[in-house]
Amino acid sequence: MTCRDIRKRMAMWARAASPGEIAGAEREALAAHLSACPACAEELRLLALKRILLRATRVPEVDPAPSLYARVSARLRQERARSLFSFWEAARTFAASVAVVAMLLLMLLAGVNIYIHQQIPVERRDFISALMERNFSEAERLVFAGEELSQEGVLSALAAEPRESR
Amino acid sequence: MAEKRNSANELVPDDEELVERSLAGDAEAFEVLVRRYGRAIYNVAGRFFRQPEMREDITQETFLKAYQALHTYRRGASFERWLMKIAVNACYDALRRMQRRREFSLADLAEDEQTWLEEALAKPAFELFEQQQQSENAVALAEKLLASLSPEDRLVMLLYERDGLSTAEIGELMGWSRSKVKIRLFRARRALDKRLRRILQGAQSASASKAKADEPESRQER
Ligand SMILES: [Zn+2]
């Protein structure tokens, strides 16, 4: 056996999971080599110590204390309560954000309304108002009658009852 | 859905059904899973931690995480394996949270541990390799040695070298690629061997100086 052969095998033996015995002819060859080669003997010593120490950290499988299950259950109950609470928290947050969005929308509409009122001449504004109030027939009359669209004229027209027919 | 019968010939719902019931809000269904896998998880924690309190903490954390992530469990996959992944990662997180010892030093060993080490190393290498008997001193020494390793090194050392898991299995548990596992394994071996070599050298020079003091003429063993 050469040093290389020995080292190759050692890599296999290194794992504590592998069985501890080296059997038969291999054992004799290994013993012969080790007695003549201090370097390999030292390597095996290191490997042996590693195996012993790693194996020492093994803990036999056991049943946990019965109280563990009660402990886990209690923690899970707490978690369910917490997630229920956070559901309502989330619902509240959602409702609050909906309210904010609605308010922003209203503000935007109010802004548009103010803008329209500032930019559009009085006559057109009244025409739009009439339209908005669905007083279509009145609006139609105002447009087609060719009357002068003075503010008073429009206001009085709108104050009047909407006509029943064209 | 498939149901098994237990020894008392009662219908036992399988894991998948219990998961579905839990997701639908049945608290009792998840409790059944806790009782079914509690022991296994507790012993997974035992691969990394000796103290029962630590193992209980890990078990509780594992089931809590599993409960919170239950919607990510894929139907048809093994629930047990899914749970094991969570457990091993909880152990890994716990290892990372632990205060790491700065370095391993022979001076940190108790007298009994030192004696055990000297006696072990006085044996021929072959005999030491085949030694089966366990010792409390070896346990204490091993704990100190492992505590000086990084969490990654410690994890792969224990799972691969001690427990005999394959690199593929470790990769699956940890969500690491196989090459990542191999690199970590290489580094872990190097780190552990470095410490072990120091122990061997230290113990040899100690016994050599002792031998010199006892018998100045004695031939020094290599
Ligand atoms: Zn050799």
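Criteria and thresholds
- Every residue gets a number counted from 1 within its own chain, in the order that chain's sequence is written.
- The order in which chains are written sets their letters, starting at A; the order in which ligands are written sets their numbers, starting at 1.
- Only residues with pLDDT of at least 70 are given local features in this predicted model, and only at 80 or more are side-chain atom pairs given and counted; all residues enter the totals for whole chains, interfaces and linings.
- Note that water and hydrogens are dropped before the side-chain values are worked out from all heavy atoms of the structure.
- In these notes, a set of buried Ala, Val, Leu, Ile, Met, Phe, Trp, Tyr and Cys residues joined through side-chain atoms within 4.5 Å is what counts as a nonpolar core.
- Burial classification: accessible surface area is computed with a 1.4 Å probe over protein chains only, and a residue below 20% of its type maximum counts as buried, one above 50% as exposed, and the rest as partly exposed.
- Contacts are residue-level and defined by heavy atoms, with any inter-residue pair within 4.5 Å sufficient.
- Here an axis means a line fitted to C-alpha atoms, over the contact stretch when the element is a helix, while the angle between two N-to-C directions is reported on a 0 to 180 degree scale.
- Note on conventions: DSSP H or I runs of at least 4 residues are helices, E runs of at least 2 residues are strands, and numbering of each starts at the N terminus.
- Relative orientations are named as follows: roughly parallel for angles under 35 degrees, roughly antiparallel for angles over 145 degrees, roughly perpendicular for angles from 65 to 115 degrees, and oblique for any other angle.
- The handedness criterion is simple: a crossing whose near helix is rotated anticlockwise from the far helix by less than a right angle is left-handed, and one whose near helix is rotated clockwise is right-handed.
- Three classes are used: nonpolar for Ala, Val, Leu, Ile, Met, Phe, Trp, Tyr, Cys and Pro, charged for Asp, Glu, Lys and Arg, and polar for all others, with Gly counted as polar.
- Pairing of aromatic rings covers Phe, Tyr and Trp, the last through its six-membered ring, and needs centres within 6.5 Å; plane angles under 30 degrees mean stacked, over 60 mean edge-to-face, and all others mean tilted.
- Any Lys NZ or Arg CZ that is within 6 Å of a ring centre and within 35 degrees of that ring's normal is treated as a charge sitting over the ring.
- Here the expected length of a helix is defined as 1.5 Å per residue gap, with one fewer gap than residues.
- Pairs of N or O atoms within 3.5 Å make up the polar contacts considered here, provided that, within protein, one atom can donate a hydrogen while the other can accept it, and that residues adjacent in sequence are counted only when both atoms are side-chain atoms.

Student: Outline the nonpolar core, listing residues and values.
Tutor: Core analysis: the biggest nonpolar cluster contains 88 residues, and L44, L49 and L53 of chain A together with F79, W116 and L155 of chain B have the highest contact counts within it. Not counting chain neighbours up to four residues away, the residues in contact with W116 of chain B comprise L49, I52 and L53 of chain A together with Q131, S135, N137, A138 and L141 of chain B.

Student: Go over the packing of helix 1 (residues 3-13) of chain A against helix 2 (residues 24-36) of chain A, please, and point to the residues and values.
Tutor: Residues and elements named next belong to chain A. Where helix 1 contacts helix 2, the axes come no closer than 11 Å and their chain directions differ by 120°. In terms of their interaxial angle, helix 1 and helix 2 are classed as oblique. As helix 1 runs across helix 2, the sense of the crossing is left-handed. Residue-level contacts link C3, I6, R9 and W13 of helix 1 to E26, L30 and H33 of helix 2. Its residues placed into classes, the contact of helix 1 with helix 2 shows four nonpolar, one polar and two charged.

Student: Provide a residue-level description of the packing of aromatic side chains, including the pertinent values.
Tutor: Counted by the stated rule, this structure contains seven aromatic pairs over all chains. For the pair F30 of chain B and Y67 of chain B, a centre-to-centre distance of 5.1 Å together with 70° between the ring planes defines the contact as edge-to-face. With a gap of 37 residues between them, F30 of chain B in helix 2 (residues 27-45) and Y67 of chain B in helix 3 (residues 52-68) connect regions that are remote in the sequence. Directly above the aromatic system of F129 of chain B lies the positively charged group of R51 of chain A, at a separation of 4.4 Å from the ring centroid. For R184 of chain B, the ring lying beneath its charged end belongs to W176 of chain B, and the centroid distance is 4.3 Å.

Student: An account of helix 4 (residues 79-97) of chain B is needed here, citing residue identities and associated values.
Tutor: All names here are of chain B. For helix 4, built from 19 residues, the straight-helix expectation of 27 Å at 1.5 Å per residue is met to within 8% by its first-to-last C-alpha distance of 27 Å. Of all the residues in helix 4, the buried ones are F79, W82, L83, M84, I86, A87, V88, A90, C91, Y92, A94 and L95. Its side-chain oxygen placed 3.3 Å from the backbone nitrogen of E80, S78 serves as the N-cap of helix 4.

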